[in-house]
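Structural overview for review
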Amino acid sequence: MPRPAVVFASGQLLTVDCWAPQAVALADDYDLRFADHTRDETIAGMGARLLDEAPDRFHLIAHAMGGFTAFEALRGAPERVISLVLIATLAPNDGPAQTERRQGYIRLVEDGRFAEVVEERIPILVHPARREDAPLLTVVRRMAADTGAETFLRQQRAIMTRPDSRPSLGAIRVPSLVLRGAQDGITTPGHVDEIVGGIPHARFEEIPDCGHLPTLEKPQTTNRLLAAWLAEQA
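Residues numbered from 1 in each chain as written. Predicted model: local features only at pLDDT ≥ 70, side-chain atom pairs only at ≥ 80, totals over all residues. Heavy atoms only, no water.

1. So, the overall build of the protein
For clarity, the threshold we go by: The numbering of helices and of strands both runs from the N terminus, where a helix is a DSSP run of H or I of at least 4 residues and a strand a run of E of at least 2. Radius of gyration here uses only the C-alpha atoms, and the compact-globule reference equals 2.2 Å multiplied by the residue count raised to the power 0.38. Accessibility here uses a 1.4 Å probe with only protein chains present; expressed as a share of the type maximum, an area under 20% marks a residue as buried, one over 50% as exposed, and anything in between as partly exposed. Contact criterion: two residues are considered in contact whenever any of their non-hydrogen atoms come within 4.5 Å of each other. Here the Shrake-Rupley method, with its probe set to 1.4 Å, supplies the accessible areas, and only the displayed protein chains count as covering residues. When charges are counted, neither His nor the chain ends are considered; positive counts come from Lys and Arg and negative counts from Asp and Glu. Charged groups are reduced to one reference atom each: NZ for lysine, CZ for arginine, CG for aspartic acid, CD for glutamic acid.
A tally of helices and strands in the protein yields 9 helices and 6 strands. In terms of overall size, the protein behaves like a compact globule, its C-alpha atoms giving a radius of gyration of 17 Å where 234 residues would be expected to give roughly 17 Å. Dimensions of the protein along its principal axes, counting C-alpha atoms only, are 50 × 35 × 30 Å. Burial statistics for the protein: of 234 residues in total, 55% are counted as buried. For the protein, contacts bridging at least 24 residues in sequence account for 77% of all contacts bridging at least 6. With an accessible surface of roughly 10,300 Å², the protein has 52% of that area assigned to carbon and sulfur atoms. Positive and negative side-chain charges of the protein, numbering 25 and 32 respectively, have mean locations separated by a distance of 1 Å.

2. A word on the pairing of strand β3 (residues 58–63)
Counted only if it meets this: The rule for pairing is simple: two strands pair if DSSP sees at least two bridges between them. If you view a crossover with the strands going away from you and the path from the first strand over the helix to the second runs clockwise, you call it right-handed.
β3 sits mainly inside the fold: 6 of its 6 residues count as buried. Side chains F58, L60 and A62 project from β3 onto one buried face, and the interleaved H59, I61 and H63 project onto a second face that is buried too. Two strands pair when backbone bridges link them, and strand β1 (residues 5–9) and β3 are joined in this way by 4 bridges, in the parallel orientation. The residue of β3 that forms the bridge with A9 is A62. Taken together, β3, helix α3 (residues 65–76) and strand β4 (residues 81–87) constitute a β-α-β crossover, and its handedness is right-handed.

3. Topic: the nonpolar core
So the rule is basically this: Remark: nonpolar core denotes a set of buried residues (Ala, Val, Leu, Ile, Met, Phe, Trp, Tyr, Cys) joined through side-chain atoms within 4.5 Å.
Counting residues in hydrophobic clusters, the biggest one holds 31 residues, and the most contacted among them are I61 and V85. For this core, the secondary structure elements donating two or more residues are β1, α1 (20–26), β4, α5 (114–125), α6 (134–160), β5 (176–181) and α9 (219–233). The element that contributes the greatest number of residues to this core is α6, accounting for 5 residues. With residues near it in sequence (within four places) discarded, V85 still touches L60, I61, A62, L177, L179, L226 and W229.

4. So, α6
Heads up, the rule is: Multiplying 1.5 Å by the residue count of a helix minus one yields the expected span of that helix. Two axes define the bend at a residue: one fitted to the seven residues ending there, one fitted to the seven starting there, and the bend is the angle between them.
In this model, α6 (27 residues) spans only 31 Å end to end at C-alpha, well below the 39 Å of a helix rising 1.5 Å per residue. The sharpest bend along α6 reaches about 85° and sits at G148.

5. Some points on the sheet that holds β5
Applicable threshold: Lines are fitted to the C-alpha atoms to define the axes, a helix being fitted only along its stretch in contact, and any angle between axes, read from their N-to-C directions, falls within 0 to 180 degrees.
Across the sheet, which stays open at both edges, the 6 strands sit in the order β2-β1-β3-β4-β5-β6 with parallel pairing between neighbours. Of all the strands in the sheet, just β2 (31–34) and β6 (203–207) have a single pairing partner and so form its edges. The sheet shows a mean angle of 20° between the axes of neighbouring strands, taken without regard to direction. Relative to β4, β3 runs parallel, the two being bridged by 5 bridges. Within β4, the residue paired with L60 across the bridge is L84. This element, helix α7 (residues 189–198), spans β4, β5 and β6 of the sheet and lies at about 175° to β5. Where α9 meets the sheet, it contacts β1, β3, β4, β5 and β6, and its direction lies at approximately 165° from that of β6.

6. Topic: the pairing of β1
Among the 5 residues in β1, 5 count as buried, and that is most of the element. Here β1 shows a buried face lined by A5, V7 and A9 and a second buried face lined by V6 and F8. Bridge count for β1 against β2 is 4 bridges, and the pairing is parallel. When the sheet's bridge partners are listed, V7 is paired in β2 with R33. Taken together, β1, α1 and β2 constitute a β-α-β crossover, and its handedness is right-handed.

7. Focus: the packing of α5 against α6
Definition in use: Oblique is the label for any angle not covered by the other classes, which are roughly parallel (under 35 degrees), roughly antiparallel (over 145) and roughly perpendicular (65 to 115). By definition, turning the near helix anticlockwise from the far helix through less than a right angle yields a left-handed crossing, and turning it clockwise yields a right-handed one. In the scheme used here, Gly and all other residues not listed as nonpolar or charged are polar, with Ala, Val, Leu, Ile, Met, Phe, Trp, Tyr, Cys and Pro taken as nonpolar and Asp, Glu, Lys and Arg as charged.
With their axes 10 Å apart at the nearest point, α5 and α6 run at an angle of 135° to one another. In this view, α5 runs oblique relative to α6, as classed from their interaxial angle. In terms of crossing hand, the pair formed by α5 and α6 is right-handed. Each of F114, V117, V118, E119, I122 and L125 in α5 lies in contact with α6, whose residues at this interface are L137, V140, R141, A144, G148, A149 and F152. In terms of residue class, the contact of α5 with α6 is made up of 10 nonpolar, 1 polar and 2 charged.

Below you can see the structure in the form of structure tokens.
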């Protein structure tokens, strides 16, 4: 009997390492795949690549920018997705303030100041109590370095031009779970309310004492939630 397939879609400046605890916990029971978000300059391109490289049917677990890709994949081939988990993501496109901030990041990176951008982002990525957590920050910095400046620029341009996914939330008919760290510095309770209110019968779980990176900050809680969810969909 083949194992059910799970495709992980990660956020910007993150690599497969952001799913390392989940890979260990789920590898025995599932065929784990990892979407490639490094080569495309549009969310549409990332979504098409995810579908091209994924099995015919799969569970989709998406974090942050990966959620934008997940929405794109569901618009393109909803019949292929068995269930959906959205972690620390949001549905709207960027407003003027977000676009201006991203353009500032792009200018810094083009001026050779990629490391500064990484350090500026760290405080909003993790729970305030973890901002001096050396092992966690080592992983975050390593993922950023492995991503690199050129890929980061592609990801920023993709995010800046992404569509507003709120109008298409009602068309998502697969079982859906939404996870958010209680102290996420990027996604807000309002963002969660839009997704949970927009996707029919979506379920929400808040992870206490956690920032924007639940898979690394609270791996045991995240693993428990994901394992229970996937088992329920069997």
